[in-house]
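# Working through the structure, step by step
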Amino acid sequence: APSHPELQRLFNTQMRRNLRHMKYQLLGRYYFDQYAISEIPQYNLQIWQGVVTSIRTQEEKLMMSVDTVHKVVRKETALQIILNSVRSHDPAYKANVARELVGCVVMTNYNNRTYSVQDIDWSLNPSKTFDSKEGLISYVQYYRKQYDIKIQDLKQPLLLCKSKEKEIKGGASVSKNVYLVPELCCMTGLTESMRSNFNMMREMANMTKLNPAARVRNLQVFMNKLSSTADVKREMESWHLKFADKLVQFQARILPSEKIIQNRQSMTYIQKSGDFSKEMRGKPMHNVMHLHNWVIISTRYDEGKARDLLSNLCKVCSPMGMQIRNPKIILVNEDRIQNYLDACKYNVNENTDMVCFIVPNNKKERYDAIKKLTCLDIAIPSQVVVTRTLNKRNMLMSVATKIGIQLNCKLGGEPWALEIPFKAKIMVIGYDTYHDSAGRGRSAGAFIASMNQLLTRWYSKVTFHSAGAWEELSNYVRVHFVCALKKYKEKNNCFPDLILYYRDGVGDGQIPYVMEWEVKPCKEVIATDLSCRARFAFIVVNKKINTRFFAPTADSYTNPPPGTLVDNTVTRFDRYDFYLVSQCVRQGTVAPTQYHVIEDFSGLKPDYMQRISYKLTHLYYNWPGTIRVPAPCQYAHKLAFLAGQSLHQEPREELTERLFYL
């Protein structure tokens, strides 16, 4: 039967053979067309265009998902990065090189293979020898003999690299650590300074963020080439298979538009825009917390910008129903991390509601130090504002509005709400993980649970576990789940009747582990520990999918509007799953989100499960519109990111009922 997993594995293996027949080049995970390389000469970049394919049995028949992917290759070599650091005459140049190269992916320009840099070995250079099948040979001799390449710099250190795992599976000959010559290694991906270059990112987006019409054209060109390649035709005929010549067509539904509630006022918005900021403007927030006792810390140089922000905050927050009293403004003489920390320690007391830092740039060390102080030591919500966002005076009111909403959330307020029609008492949970940047093999897991019927108040916990240690993670999930249920009962004098648990960051291969180590403990808690007896559903939310949907027009294709739901034809025959397009994009093709219900004794009809999932995409308070995942998943991501990138410890218990991580 076509649905047998072994047969589907064979079909996907055959598809990889097909791509090699078409002369596509394997780079990392995906295959790329060597004749579809675009140049961005002013930034020394190449954009490689490729495809990602997946064959499986969907609801009705065997189907292949195909999407266009891109890879950024810099013409800059690893040797150039090393030389730049050496020429800086910094005594710590070796550490600087390691910081720039270790963990990066490089592509060897003689065979287009990708490798992950593990270390820089300064004791080796191309003149050194290594064991080959023909005995000892120097790197210089090897590259001259094997590739007819003459290595220029004989003093450069060598890179200790590991072949990318997917390449090993794809049949690459190298399956262990190897030493590479930096001058033969092109850098891939983007640095932080590149990402902050607006003009360069815009140029790249024009090439990589394809609109639906361009994406469909690429698919049609690819399928025509696939069907006309002689070796592909011959091998596919031996399987008695052939590819269809057009895209799959099916019916989708658009879920009803939601009403936004603010301070007892209900309003509609233009659903296809995915944005209700205009409708909210000038109206009181749903539940307001006033800001009376607070501190602003800034450099003397940025005092004017700090006062401009304060002035605009007072203007915009008054119509939103939020009272802001004059803060204590502390000016530090220099932009030094310790100055900010000392100013905070000496001017904050138990009555302080909020600390706002105005900083000249987004330097990570400063941000981490501020968040560690406010989240771990003194347990006070903080807001960090970069002066760059305050430079455009014509945008200052808009910036102040967003900051005002964030301040309200961090104090425990609720900017807006939705109609949640359940009669049963409901709790919604979101869970996500993020790798700890300070320690290898360690991850932060964030657990977010709603505390009221409107799903606007949240209880947040984060703990650290060893990456891949499911039993350890399971213990934390159980503890968080019990704490959230107790907190819910404390707030509502009862346990919830219905619990919906949204789990982000899980691939298909991890679902059996999630069932065993996350779903099972939750069911045990419900059944035994607290006699809660709630109905329960566990939904895996997957953003990392290659499925794309296109809405046909009279002569082209466009993006499906927010609220588009797909639950037939292209869903899995063996799963309770659906796709939801909840967000709007201004450039490129919108990406749907897949919802996979892996455990369900909620008693909810599929339509209700779909509707509540869509409603939750409206309740993320950092954006007055719909987002790609349910709000608790995004809150969990924000908290896990903060803990894994900046805190590296669990925040103080006093902050658990505030969205301090927005």
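Residues numbered from 1 in each chain as written. Predicted model: local features only at pLDDT ≥ 70, side-chain atom pairs only at ≥ 80, totals over all residues. Heavy atoms only, no water.

As annotated in an unreviewed UniProt entry, the chain carries the name Piwi-like protein 1 and comes from Araneus ventricosus. Of the chain, the UniProt comment under Subcellular location (unreviewed entry) reads exactly: "Cytoplasm". The Sequence similarities (unreviewed entry) field of the UniProt record for the chain holds the comment "Belongs to the argonaute family. Piwi subfamily." (UniProt positions renumbered as here; feature names shortened; annotations may be inferred.)

### Brief notes about the overall build of the chain
Looking only at helices and strands, the chain has 18 helices and 29 strands in total. Scaling as 2.2 N^0.38, a compact globule of 662 residues should have a C-alpha radius of gyration of about 26 Å, and the chain matches this with 27 Å. The principal-axis extent of the C-alpha atoms belonging to the chain is close to 75 × 65 × 55 Å. Taking the intrachain contacts of the chain between residues at least 6 apart in sequence as the baseline, contacts between residues at least 24 apart amount to 70%. Counting only carbon and sulfur atoms, one obtains 48% of the accessible surface of the chain, whose full area is about 31,800 Å². The positive charge centre, built from 90 side chains, and the negative charge centre, built from 63, are 3 Å apart in the chain. (Helix = DSSP H or I, 4+ residues; strand = E, 2+ residues; numbered from the N terminus. Rg over C-alpha atoms; globule rule 2.2 N^0.38 Å. Contact = heavy atoms within 4.5 Å. Areas by Shrake-Rupley, 256 points an atom, 1.4 Å probe, with all protein chains shown as cover. Lys, Arg positive; Asp, Glu negative; His and termini not counted. Charge placed at Lys NZ, Arg CZ, Asp CG, Glu CD.)

### Things to note about the side chain of Ser474
Along the chain, Ser474 turns up in helix α15 (residues 470-492). Judged by relative accessible area, which is 6%, Ser474 ranks as buried. Engagement of the side chain of Ser474 in a polar contact is seen with the backbone oxygen of Trp517, the distance being 2.8 Å. Beyond its immediate stretch of four places on either side in the chain, Ser474 contacts Trp517 and Pro521. (Buried < 20%, exposed > 50% of the residue type's maximum accessible area, 1.4 Å probe, protein only. Polar contact = N/O pair within 3.5 Å; in protein donor to acceptor, adjacent residues only side chain to side chain.)

### Considerations on the packing of helix α12 (residues 337-347) against helix α13 (residues 364-377)
It is at 10 Å that the axes of α12 and α13 come closest, and there the two elements cross at 20°. Taken together, the axes of α12 and α13 are roughly parallel relative to one another. Crossing hand, α12 versus α13: right-handed. Where α12 approaches α13, its residues Ile337, Tyr340, Leu341, Cys344 and Lys345 are matched on the opposing element by Glu365, Arg366, Ala369, Ile370, Leu373 and Thr374. In terms of residue class, the contact of α12 with α13 is built from seven nonpolar, one polar and three charged. (Axes fitted to C-alpha atoms, helices over the stretch in contact; angles between N-to-C directions. Parallel < 35°, antiparallel > 145°, perpendicular 65-115°, else oblique. Left-handed = near helix turned anticlockwise from the far one by under 90°. Nonpolar A, V, L, I, M, F, W, Y, C, P; charged D, E, K, R; others polar.)

### Focus on the sheet that holds strand β14 (residues 265-267)
Strand order in the open sheet made by the three strands is β14-β13-β19, with antiparallel pairing throughout. Two strands in the sheet have a free side with no partner beyond their single neighbour: β14 and β19 (417-418). When strand β13 (residues 260-262) meets β14, the two strands line up antiparallel, connected through three bridges. Within the sheet, the bridge partner assigned to Gln262 lies in β14 and is Gln265. (Pairing = 2+ DSSP bridges.)

### Considering the pairing of strand β5 (residues 105-108)
Both faces of β5 are covered, namely the face carrying Val105 and Met107 and the face carrying Val106 and Thr108. Across three bridges, β5 lies against strand β6 (residues 114-121) in antiparallel orientation. Bridge pairing in β6 places Met107 opposite Thr114. The hairpin formed by β5 and β6 contains five residues between the paired strands, and Asn112 there has a positive phi angle of roughly 55°. Here three bridges tie β5 to strand β11 (residues 185-188), and the two strands are oriented antiparallel to one another. Bridge pairing in β11 places Thr108 opposite Cys185.

### Considering the confidence of the model for the chain
Residue-level pLDDT values for the chain average 91, and 97% of them are 70 or greater. Predicted confidence is poor over residues 165-175, with pLDDT under 50, and the contacts of this stretch with residues over four places away or in other chains come to 16 contacts. (pLDDT = per-residue confidence, 0-100.)

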